[in-house]
Amino acid sequence: MPNPARSRGRQVNAFQALALLMSFVLVAGVGGVLAAGLVLPGVAIANRTTEVTATAFEELPTELDQPGLPEKSTILAADGTLLATFFDQNRVVVPLTEISPMLQHAVIATEDKRFYKHAGVDPSGMLRAFVQNQTSSGGQQGASTLTQQYVKNVLIEAALAKPEGPERQAALEAAKGHKGKEGVARKLREAKLAITLEKTSTKNQILEKYLNIAQFGIKVYGAESAAEYYFSKRASDLNYLEAATIAGITQSPSKWDPVAHPDDAEVRRNTVLRLMKEQGYITKADYTAGVATPIASTLKPQELKQGCAVASTVVAGSGYFCDFVTKVIVNEPAFGKTREDRASLLYKGGLTITTTLDPRLQTEADTEVKAGIPVQDPSGVASSIVTVQPGTGKILAMAQNRDYAAIGDSTKRTESVNFNTDKAYGGSSGFAPGSTFKPFTLLEWLKQGHSLYDVVNGSVRPLNEKMFTTCGVRNRDFVWTPGNAEFGAGNMTVLDATRNSVNLAYLTMGSQLDMCNIMQGATDLGMHLAAPRAAAKDGRAAGTIEPGLNPSNIIGTDTVAPLSMAAAFATFASGGIHCDPIAILSVVDTNGKQLSVPPANCTQPIESKYANTINYALSNVWKGTAKSVGAPPFPSAGKTGTTSQNQDTWFVGYTPLLSTAVWVGFSQAPKPVYHMTVAGVWHPKGIFGATIAAPTWKRFMVQALAGAPNPDFAGADPKLVFGEKIPVPSVVGKSQDEAEQILEDAGFTATIAPDEVQSTLPAGLVASQNPSRSATRGTAVMLTLSNGEAPPDPNATQEPTQGPGPGPGPGGHQGGPPGNGGGKGRG
């Protein structure tokens, strides 16, 4: 059986190697090259030395394993703009028909003028080179045909494909060896493999393979990449001068590099031109004109777009999106069994990766996030922006107020961490979303039959965790007193609580729901932690990423990525259709085969009536917490967010066309953003969601949607807005505890008026209620208690008295909701 090319065969000493080479040359001279390659093991054995030689030659490999060549992969924007290139070897494999005939002629004239006449090897040249290399202290002589050079390159590629270690190093030495027995063994192995290859391949096939595998520069492999790099054109379009330049490089890729060493390269090019003239490939006039042309005047080098750092120079700020795409490739099983396999595919697989990035929107996003807080702002406050298309999940833009670098430098405000994404995709551990998390409680509120016009208590007051239910079980007995970040006190509708982002109102709503249902609804919309929990916490096990079940998470205490928020709010924008955010539209390998890419997995986890009603509720943000910003000139909805001590501030907003999240805060660790100057403005009381995040969102969205038809949201469900009125049971004359229980059983809540009133009822019983007849489910019924003092009888006759006396007492008190009190907490 033939020996594979990866086998090094039997080891021979220097004398045996020389004897073997001489035997090969002698047989080749008598019987021809093909006879030498295939018959030498059967030559009549005259002595012991020849026997050893013949056996050693027989053990040399005859089959050449020719795997696909490493090729560069490219990442493209949605419109085809080249963002970046990734490669171990900058190579694009093309057929011979797409390589200029002039380059074919130049290479043959320079490297192997008898290419079309020999059978793969030049025996006399091999012996001459061997003697020269063993006796000379000068440079090495190759005497290799193009076929042998191709074989050598294949063996080098096979060695480089091995893992780092002794086996890899030994394979490289065997492929590159020059002197002694290693040099002879390499030549003989190349010769035997070349002979076999010539029997199974045509000359043009061999030439095509050589022109694709050969190195034509320090990081340039193959004719196509060489033409692109040095002359910004296809290999098929090279003229004779350009062809001569490229053909001359391969002898010494660093020495003859025309970009790095134009003077030396010009000398080498002229040598190639002379050889082309002598062999009739160009005329004397062509040669004379060529050598008179400065090589520098012919060059039009194209920068190698290697890595994501270059992407930002192509489309502003796109380095972070590019980096996210590479992380998707490396993380997703669709691209290989292991991370190593997937990374190899990216750097060697010749992929064409077309992404979702919109260059125009990306440029606008980068401009506006850096206008909100400049890169070099002395405050060091960070900001990011990310945009997702509702109904498709396509990530259209992703930027932050930092300059991308593979290794960040805080002193230069360069950053490798992507603030918009999960940790597994190059991001941080996320940021607390604050009040932007409230819509998930609103969603469950509506699903449970409540409405936007239900009345809830938004006053700051002590709460007990046992008021909350988790998966049907009451929570622990633990008292805590959360605050309101911006507005709120007293009873209010859920619509007003949403508009003004009242923490206590939302916690009141949460106490009437089940935490498991709230967080499952958030999970259905793609919400998850940006990094797995290091330990069990918030009712979840270590290593999990589902939203925490702690009641405080109603007002956003988890750490999440802005991309997750933008994708979740896109579900509302699309009428209830949720799509996983995607960055890749297609991946095509070097053979033109479409590879599977991570899908958006679009589903409809919530009914459109709920999404439409949430859209209506969140469209009121411009009359509430974002009133100072002002509504944009198109239908939109959104939510501000401000965490404790103003550490993280947000605005997540959307239209039917775009969903965009903007985050502001310190990136490395939570830190208060107040009593400091940010973007030239002093903030003694801190910044809020409407301070920087919302204006940045508005500037971007106005530019992004300029000139586009901007449809309105579908109408909200009237029952979910106004509720369906049901009878309110009368609890007048009941004790406070009994009244509260009756109202709760009927679907209402109870609040107690601060002042008792005169009544004929005993003290402590309900004297009046409001409303008393009908109201929407969940409405808070105000109860006024009796103080036990009967009011004066208005029909009683009063005896005249001397001097002034007390006037008539007050009439019967009918009860009613108190006015909203003041007060402003922090949350």
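See the structure printed just above.
Residues numbered from 1 in each chain as written. Predicted model: local features only at pLDDT ≥ 70, side-chain atom pairs only at ≥ 80, totals over all residues. Heavy atoms only, no water.

Trainee: How should I be thinking about the state of the cysteines in this particular structure?
Mentor: Think of a disulfide as a covalent bridge from one cysteine sulfur atom to another cysteine sulfur atom. Under the defined criterion, the tally for this structure stands at three disulfides. Between the sulfur of C308 and that of C322 lies a disulfide, 2.1 Å long from S to S. Its torsion about the S-S bond being -75°, the disulfide of C308 and C322 is classed as left-handed. Placement of C308 in the loop between α14 (295-298) and α15 (311-314) and of C322 in helix α16 (residues 319-331) is noted, with a sequence separation of 14 residues between them. (Disulfide = S-S within 2.5 Å. Helix = DSSP H or I, 4+ residues; strand = E, 2+ residues; numbered from the N terminus.)

Trainee: Explain the pairing of strand β1 (residues 73-76) to me, please; I cannot follow it from the model alone.
Mentor: Consecutive side chains along a regular strand alternate between the two faces of the sheet. Residues S73 and I75 point to one face of β1 and T74 and L76 to the other, with burial holding for every one of them. By the bridge criterion, four bridges tie β1 to strand β2 (residues 82-86) in an arrangement that is antiparallel. Opposite S73, over in β2, you have F86 as the bridge partner. Here β1 hands over to β2 after five residues, with G80 in that stretch at a positive phi of 95°. (Buried < 20%, exposed > 50% of the residue type's maximum accessible area, 1.4 Å probe, protein only. Pairing = 2+ DSSP bridges.)

Trainee: Explanation requested: the nonpolar core in the structure shown.
Mentor: One recurring pattern in soluble globular proteins: nonpolar side chains tend to sit buried together. Core analysis: the biggest nonpolar cluster contains 87 residues, and I353, I395, F440, L442, M565, F569 and Y654 have the highest contact counts within it. If one sorts the elements of this core by residue count, helix α23 (residues 562-573) sits on top with eight residues. Here M565 is in contact with P433, T436, F440, M527, V560, W650, V652 and A661, once residues within four sequence places are set aside. V94, V121, A159 and Y240 belong to the second-largest nonpolar core, a separate cluster that totals 55 residues. (Core = buried A, V, L, I, M, F, W, Y, C linked by side-chain atoms within 4.5 Å. Contact = heavy atoms within 4.5 Å.)

Trainee: Got a minute to help me understand the pairing of strand β5 (residues 395-400) in this structure?
Mentor: Judged by how many residues are buried, β5 sits mostly within the fold: six of six residues are covered. In this sheet, β5 lies alongside strand β4 (residues 382-388) in antiparallel orientation, the contact comprising five bridges. Paired with I385 across the two strands is A399, which belongs to β5. Between β4 and β5, which pair antiparallel one after the other, the connecting turn spans six residues, and G391 there sits at a positive phi close to 85°.

Trainee: Looking at this structure, how should I read the sheet that holds strand β15 (residues 594-595)?
Mentor: Remark on secondary structure: sheet strands pair via backbone hydrogen bonds, oriented parallel or antiparallel. The strand order β2-β1-β3-β14-β15 describes an open sheet built from five strands, whose pairing is mixed. The sheet is open, and its two borders are formed by β2 and β15, each paired with just one other strand. Looking at chain direction, strand β3 (residues 352-355) and strand β14 (residues 584-588) are connected through four bridges and run antiparallel. Across the sheet, the residue bridging to T355 is I584, located in β14. Along the sheet, α16 makes contact with β1, β2, β3 and β14, crossing β3 at roughly 120°. (Axes fitted to C-alpha atoms, helices over the stretch in contact; angles between N-to-C directions.)

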